[in-house]
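Take a look at the letters that make up each chain.
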Amino acid sequence: MSRYLRERFEDVDLSPGQGRISATLAVALGSLALLTSFCFLFPQWFTTPEFRGFYNAGLLRGILFAGIGIAFLAGLVSVWRHPDARYGLAGMVLACMAALLGSGRLNVPAVEGRSLYAGLDYFVLTLLVLALVFIPLERLYPKDRDQRVLRRGWITDMKYFLFSHVGVQLISFFTVIPIQVFLHDHVHVGFQQWVAAQPLWLQFIEILVVVDLASYWIHRAFHEVPWLWKFHAVHHSSEQLDWMASSRLHLVEIIANRFAGYLPIFLFGFAPSAVYAYLVFISSHAIFIHANVRFRFPVVRWLIATPEFHHWHHSSEDEAVDKNYAAFLPVYDKLFGTLFMPDRLAARYGTRVSTRVPEGVVRQFSFPFRRDRKQQ
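Worth saying up front: this structure is predicted, and the values here are computed from it rather than measured.

Draft legend 1. The environment of Ile 265, seen in detail. As for its position among the elements, Ile 265 is in helix 13 (residues 251-268). Of the residues examined, Ile 265 reaches a relative accessible area of 8% and is grouped as buried. As for Ile 265 and Phe 365, which are separated by 100 residues in sequence, their C-alpha atoms are 29 Å apart. Those residues within four positions of Ile 265 in sequence are excluded, and the remaining contacts are Ile 207, Val 211, Phe 270, Val 275 and Tyr 278.

What follows is the structure, encoded as structure tokens:
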């Protein structure tokens, strides 16, 4: 199935006038509408507990039916314009299925307490917002003008995106909970209270500085320790970068990164509002620095990580290998001798020459554990 999807839906030309744009829109919105209907019907299973209190059921219901309507109309347009009508029809079928589910019970029942859940709502909302922001941005200001929206590898990256959002509880189980359980008796409560009493803007800056230092060294370890590189090579296997490429991370690396990031936050005791602000900011920033955009930011690029800075980290050009480890503050690369910022943009991406990462999520997950691979 994965090979079938990659062969037919990757590296697709979406030039206007062929009916492919409307077919893609119909399938995408129809799929999201269907998933959203499940969130309405089974909130205890598919919605994130921290988000439930912020939802306006009436507003979300209106957005859902608007999406269903647009998906159905886009499918009609595709059937009319495209010689192969099956994709437009598929979008229309998905929209109808969402409408049938959505016409049943859309008043979200109250959900009390915390239970086992899949963050399907987190996936749908994040994907929709990011697509609306970054797809137009990459079309208007592309670094690589020839790179397509449905580029090679996007299906694999979408699967990673789905897992990292739907599996947020699983990831927390392996990161947040162990830290809280084993270190709750080893924190200095007085120090934490002093930290949490500081202005939120100051805590936000402190989190950036402290967490980025931890992230720098864990990132560097994943490059320079051979057995860790096997896991990080999965992230570097993307040969074309865009906003979706940031999601391609092996589960082992996701857990290690979350652990390294949450540990200092827990030990310092930063206020929850400062932590949430940091998480929203740094998550958006991580996606932006992978985007296929040509912005250079002449002065800012030396102060904070930019797409130019991070694209060089992903470059497979010899002089760029093992450079630019910082997630946000290039000053750490400057201090530790790993900064690389020439007066041009990176032109080639991928893993080291001797590392060949296979395609597909399952094969990439097992890749670091295989003994018959070639590695550096």
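So much for the structure itself; the text now carries on.
Draft legend 2. Main features of a nonpolar patch on the surface. Taken together, the side chains of Phe 163, Leu 170, Phe 173, Phe 174, Ile 177, Val 181 and Phe 182 present a nonpolar region at the surface, about 680 Å² in accessible area. Ranked by the residues each element gives to the nonpolar patch, the list is headed by helix 9 (residues 168-183), at six residues. Note on placement: Phe 182 falls in helix 9.

Draft legend 3. Inspection of helix 7 (residues 120-140) at higher detail. Between its terminal C-alpha atoms helix 7 stretches 30 Å, which fits the 30 Å expected from 21 residues at 1.5 Å a residue. Listing the buried residues of helix 7 in full gives Leu 120, Asp 121, Phe 123, Val 124, Thr 126, Leu 127, Leu 130, Ala 131, Phe 134 and Glu 138. Where helix 7 is buried, its residues contact helix 2 (20-41), helix 3 (43-46), helix 4 (49-52), helix 8 (154-166) and helix 14 (272-288).

Draft legend 4. Looking closely at the packing of helix 10 (residues 189-196) against helix 13. Interaxial distance between helix 10 and helix 13 falls to 8 Å at its minimum, and their mutual angle equals 100°. Classified by the angle between their axes, helix 10 and helix 13 sit roughly perpendicular to one another. Contacts between helix 10 and helix 13 pair Phe 191, Gln 192 and Val 195 from the former with Phe 266, Leu 267 and Phe 268 from the latter. Looking at side-chain class alone, the contact of helix 10 with helix 13 contains five nonpolar, one polar and no charged residues.

Draft legend 5. Broad picture of the nonpolar core. Core analysis: the biggest nonpolar cluster contains 23 residues, and Ile 207, Ile 265 and Tyr 278 have the highest contact counts within it. Among residues more than four places away in sequence, those in contact with Ile 207 are Asp 212, Ile 265, Phe 270, Ala 274, Val 275 and Tyr 278. Cys 39, Leu 120, Ala 131 and Val 293 belong to the second largest nonpolar core, which has 15 residues in total.

Draft legend 6. Broad picture of the confidence of the model for the protein chain. Per-chain confidence: the protein chain averages 88 in pLDDT, with 94% of residues scoring 70 or above. Put simply, helix 1 (residues 2-9) is where the protein chain has its lowest mean pLDDT, 76, and helix 16 (residues 331-335) is where it has its highest, 97.

Draft legend 7. Up close: the packing of aromatic side chains. Applying the stated criterion to the full structure yields 24 aromatic pairs. With centroids separated by 5.2 Å and ring planes inclined at 75°, the aromatic side chains of Phe 9 and Tyr 87 adopt a geometry described as edge-to-face. With a gap of 78 residues between them, Phe 9 in helix 1 and Tyr 87 in helix 6 (residues 86-102) connect regions that are remote in the sequence. By relative accessible area, Tyr 87 is classed as partly exposed at 23%.

Draft legend 8. Just the pattern of salt bridges, in detail. Applying the stated criterion across every chain, the model contains 12 salt bridges. A salt bridge links Asp 157 to Arg 248; the nearest nitrogen and oxygen atoms lie 2.6 Å apart. Of the two residues, Asp 157 sits in helix 8 while Arg 248 sits in the loop between helix 12 (226-236) and helix 13, which places them 91 residues apart along the sequence. Residue class for Arg 248 comes out buried when judged on its relative accessible area of 6%. In this structure, a network of salt bridges that share partners links the residues Arg 151, Asp 157, Asp 242 and Arg 248.

Draft legend 9. Spotlight on the packing of helix 12 against helix 15 (residues 307-314). Two elements in contact, helix 12 and helix 15, have axes whose closest approach is 10 Å; the angle formed by their N-to-C orientations is 125°. Judged by the inter-axis angle, helix 12 sits oblique to helix 15. On the side of helix 12, the interface is formed by His 232, His 235 and His 236, while helix 15 contributes His 310, His 313 and His 314. A class-by-class count of the residues in the contact of helix 12 with helix 15 yields no nonpolar, six polar and no charged.

Draft legend 10. Looking closely at the environment of Val 280. Relative to the elements of secondary structure, Val 280 occurs in helix 14. Note on Val 280: relative accessible area 57%, which makes it exposed.

Scoring rules and cut-offs
Residues numbered from 1 in each chain as written. Predicted model: local features only at pLDDT ≥ 70, side-chain atom pairs only at ≥ 80, totals over all residues. Heavy atoms only, no water. Helix = DSSP H or I, 4+ residues; strand = E, 2+ residues; numbered from the N terminus. Buried < 20%, exposed > 50% of the residue type's maximum accessible area, 1.4 Å probe, protein only. Contact = heavy atoms within 4.5 Å. Patch = residues over 30% accessible without salt bridge, like charges linked within 9 Å, V, L, I, M, F, W, Y side chains within 5 Å. Areas by Shrake-Rupley, 256 points an atom, 1.4 Å probe, with all protein chains shown as cover. Salt bridge = Lys/Arg side-chain N within 4 Å of Asp/Glu carboxyl O. Expected span 1.5 Å × (residues − 1). Axes fitted to C-alpha atoms, helices over the stretch in contact; angles between N-to-C directions. Parallel < 35°, antiparallel > 145°, perpendicular 65-115°, else oblique. Nonpolar A, V, L, I, M, F, W, Y, C, P; charged D, E, K, R; others polar. Core = buried A, V, L, I, M, F, W, Y, C linked by side-chain atoms within 4.5 Å. pLDDT = per-residue confidence, 0-100. Phe/Tyr/Trp six-rings, centres within 6.5 Å; stacked < 30°, edge-to-face > 60°.

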